Amino acid sequence: MPNDLSSIAASSDAGGIAARKGFRIQDHVAARLALEMLHDSTILQLECETGDDVVLRRMEAGQKIIEYIQVKTTEIDAKWSIKELTARVNSKQGSSICEKSLLCDKHGEIAWFRFVSTRAVSTKLQPFRRPRSKRTNYLALTGLITSFSNKFKTVKSASGRTLADWASNMLWEVEGEEEALISRNINALLKISSGQGVNPSYEAMEKVYRELANKVRIMGDKPSVDAEEKVWTRQNCLKWFNSQVDAMRMAANATVKVYQISNVPQFFSEICSMDEEAIQRALYAYDVEFDGDVWRREELIDHLLDWLPEIALPPQTLANFNHLAARRLPGEALKELDRHGSTDIPQLIAALMLHAILRHHFDAEPIACRIFFSVSGTMRASSAHIVQLPDREEIWLGRSRLVTASSHETVINEVLAELRTALTRDVLKEERDIIIQLREPRHLRDDKLDVILSKTGKTSDLLKVMRLPLLVAYDSAILGTAFDSGYIEKLKEEVEKEYSRIKVLLGDELTSVRISLLLVPVECAATLSQDFEKKLRK
């Protein structure tokens, strides 16, 4: 008989559908067999409550095979035995368990049989538990086949098979407790999903599994006249599973903590730090270092390019590419930067430096790496990061500049003037509103800043948790001379002098806010800018 729905429509409701209520262990066995079908391409389709409790139709080596599966959940303490399988009810032919299983064979294909029980089997039945692929010359099974062939020799299925054929093709599985079966099924789903590149939470997979168990339960509950609804082809099962994988991937991407997934190694080394908490000022200075007697300009450029996607692309975009190296995205990142107008390369380099240092040395997460806003008609750029300190959370609203020796004084004065403007209520409110718009809490670690970062929040409350980091990467007189093995001590003196000088320039207007000065001495700011742009646009 052909392997189509016509044979199913002719089947009876084998398991007594009217008695089915809610989830049963049979549904979880059917779910496990559906998972078996997902990774076994020889299985063509799964049926629930057609020719048996569960039916699998296969195609192996060009031959059609139908497997009749019964789920045994009787609650007695004894192990399954040959006597129990062959016991007839009132001596009526066809009433024993083995006969009922054999008589399911009505459709002409090669017939396999399987029992899945919650009870263990006796020693004599143990050969049935051996996988079919490992039964060649298995003498113990030969003896068991003989035991059944000597029983009820006149009993044959509609396809002409005997109990000897039944025993030859019987596989017995012991599942044990229902909860253990459910757990194994969920773990199997996790393994299959992992093979598709998805690693959802156990809770997410429990939800998928409930859908799977519900699917096969509904199939079993359908009457035989609804033949098509009692069948799940492998093709449709794969479609269902792929849709689940897509949904899990989207859900995972929607909430992935993108800033906790960084493969960018630490680069800058600390020269010195100084925290003057009493006056709310701090100094942090960082070195690019030398390789031999060569300042590591090329390595610095490569390192900054690695961070470009994070400061230019939104977290939902990064979430879709978290399995890729960061360097796969600089093209998209550059397009996003250019969308705001021609890219200011020195400003970009400084912003990348600030971001890299905050990420590695302060474990910061960006709320918005680049915030563009207008102050008196002039476009300004800042960044916003959350830094989780042991006793509090701070919002670091950063500014950064790369300056040459000739522009040093002018740029420092300009940025300090900008900081003073940034603390006015209107500008601070505008910057906060942009942060609210750009913030993606789903992609960030949990914090307690929702009230402050809300439309109704007070700017005075924002000031209480705010710090202004100012990064200045500048032409260093020390690095501009020939390499000196003792240059670190000289750099330390240089950055401390620069810190003292800028600290005086901050003035009284900024005494109410915490300010951290981050200094990065560079060998030549102009050359760094030229080489960076060449590599960026290559």
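In short, a report on the structure. (Residues numbered from 1 in each chain as written. Predicted model: local features only at pLDDT ≥ 70, side-chain atom pairs only at ≥ 80, totals over all residues. Heavy atoms only, no water.)

Moving on to empty space enclosed by the protein. If you walk through the whole model with that rule in mind, you get 3 cavities of 30 Å³ or more. Of the pockets and cavities examined, the largest cavity occupies roughly 60 Å³. Only strand S8 (281–287), helix H17 (487–506) and strand S15 (514–522) provide two or more residues apiece to the lining of the largest cavity. Sort the elements by how many residues they give to the lining of the largest cavity and H17 lands first, with 4 residues. Grouping the amino acids of the lining of the largest cavity by side-chain chemistry returns 7 nonpolar, no polar and 2 charged. (1 Å grid on protein atoms, 1.4 Å probe; cavity = no way out; pocket = protein on both sides within 12 Å on 5 of 7 lines; lining within 4 Å. Points joined across faces, edges and corners; volume = space filled by probe spheres on them. Helix = DSSP H or I, 4+ residues; strand = E, 2+ residues; numbered from the N terminus. Nonpolar A, V, L, I, M, F, W, Y, C, P; charged D, E, K, R; others polar.)

This part covers the packing of helix H14 (residues 408–422) against H17. The geometry of a pair of packed helices is captured by two quantities: the angle between their axes and the separation between those axes. One way to put it is that H14 packs onto H17 with a least axis distance of 10 Å and a crossing angle of 45 degrees. Regarding the angle of H14 to H17, the classification is oblique. Like other packed secondary-structure pairs, H14 and H17 cross with a definite hand, here right-handed. Contacts between H14 and H17 involve His-408, Glu-409, Ile-412, Asn-413, Leu-416 and Arg-420 from the former and Glu-498, Arg-501, Ile-502, Leu-505 and Leu-506 from the latter. (Axes fitted to C-alpha atoms, helices over the stretch in contact; angles between N-to-C directions. Parallel < 35°, antiparallel > 145°, perpendicular 65-115°, else oblique. Left-handed = near helix turned anticlockwise from the far one by under 90°. Contact = heavy atoms within 4.5 Å.)

The backbone of Phe-152 shows a phi angle near 50 degrees, a positive value even though the residue is not glycine. With respect to the secondary-structure elements, Phe-152 resides in the loop between helix H5 (139–149) and helix H6 (163–168). Here Glu-289, not a glycine, exhibits a phi torsion of approximately 75 degrees, which is positive. With respect to the helices, strands and loops of the structure, Glu-289 is situated in the loop between S8 and strand S9 (290–291).

Next up on the list: the pattern of salt bridges. Under the criterion given, the structure shown has 29 salt bridges. Of the charged contacts in the structure, one is a salt bridge between Arg-217 and Asp-221, with a shortest N-O distance of 3.3 Å. Within this pair, Arg-217 and its partner Asp-221 are both found in helix H8 (residues 202–221), separated by 4 residues, close to a single helical turn. Where Lys-503 meets Glu-276, a salt bridge forms, and the shortest distance between an N and an O atom there is 2.8 Å. With Lys-503 in helix H17 and Glu-276 in strand S7 (residues 269–276), this residue pair connects regions lying 227 residues apart in the sequence. Given a relative accessible area of 26%, Lys-503 falls into the partly exposed group. On the basis of relative accessible area, Glu-276 is assigned to the partly exposed category, the value being 24%. (Salt bridge = Lys/Arg side-chain N within 4 Å of Asp/Glu carboxyl O. Buried < 20%, exposed > 50% of the residue type's maximum accessible area, 1.4 Å probe, protein only.)

Two descriptors summarise a pair of aromatic rings, namely the distance from one centre to the other and the angle between the planes of the rings. Per the stated rule, a full pass over the model turns up 14 aromatic pairs. Judged by centre distance (5.9 Å) and plane angle (85 degrees), the rings of Phe-128 and Trp-166 are edge-to-face. Separated by 38 residues along the polypeptide, Phe-128 in the loop between strand S4 (110–117) and H5 and Trp-166 in helix H6 bring together distant segments of the chain. Residues Phe-128 and Trp-166 agree in their burial class; the two are buried. Where Phe-290 meets Tyr-487, the ring centres are 4.9 Å apart and the plane angle is 80 degrees; that geometry is what we call edge-to-face. In this pair, Phe-290 is assigned in strand S9 and Tyr-487 in helix H17, connecting sequence segments 197 residues apart. Grouping residues by exposure puts Phe-290 and Tyr-487 together as buried. Members of the aromatic cluster, connected to one another through ring pairs, are Trp-80, Phe-115, Phe-128, Phe-148, Trp-166 and Trp-172. Here the basic side chain of Lys-72 rests over the ring of Phe-115, its NZ or CZ set 5.1 Å away from the ring centre. (Phe/Tyr/Trp six-rings, centres within 6.5 Å; stacked < 30°, edge-to-face > 60°. Lys NZ or Arg CZ within 6 Å of the ring centre and 35° of its normal.)

Remember that side chains alternate between the two faces of the sheet whenever the strand is regular. When you tally the buried positions in strand S5 (residues 170–174), you get 4 out of 5 residues, the bulk of the element. With 5 bridges joining them, S4 and S5 adopt parallel strand pairing. Across the sheet, the residue bridging to Phe-113 is Met-170, located in S5. (Pairing = 2+ DSSP bridges.)

Let us now look at the pairing of S8. The buried count for S8 comes to 7 of 7 residues, which makes it a mostly enclosed element. Of the two faces of S8, the one holding Arg-281, Leu-283, Ala-285 and Asp-287 and the one holding Ala-282, Tyr-284 and Tyr-286 are both buried throughout. Both S7 and S8 contribute to a ladder of 7 bridges, which runs antiparallel. Within S8, the residue paired with Glu-270 across the bridge is Tyr-286. Where S7 folds back on S8, the antiparallel hairpin that results is connected by 4 residues, among which Gln-280 adopts a positive phi of roughly 60 degrees.

Turning next to the sheet that holds strand S6 (residues 231–233). Strand order in the open sheet formed by 6 strands is S5-S4-S3-S2-S1-S6, with mixed pairing between adjacent strands. What marks the edges here is a single partner per strand, and that holds for S5 and S6. Recorded for the sheet is a direction-independent mean angle of 20 degrees between the axes of neighbouring strands. Looking at chain direction, strand S2 (residues 54–60) and strand S3 (residues 63–72) are connected through 7 bridges and run antiparallel. Pairing of Leu-56 across the sheet is with Glu-67, part of S3. Sitting on the sheet, helix H2 (residues 25–39) is in contact with strand S1 (43–48), S2, S3, S4, S5 and S6, with an inclination near 170 degrees to S1.

In this section: the side chain of Arg-281. As for its position among the elements, Arg-281 is in strand S8. It is Glu-276 that comes nearest to the buried, bridge-free Arg-281 among opposite-charge side chains, at 7.4 Å. A polar atom in the side chain of Arg-281 sits 2.9 Å from the backbone oxygen of Val-513. Leave out the neighbours within four places in its chain, and Arg-281 touches Met-274, Asp-275, Glu-276, Tyr-499, Lys-503, Leu-506, Leu-510, Thr-511, Val-513 and Ile-515. (Lys, Arg positive; Asp, Glu negative; His and termini not counted. Polar contact = N/O pair within 3.5 Å; in protein donor to acceptor, adjacent residues only side chain to side chain.)

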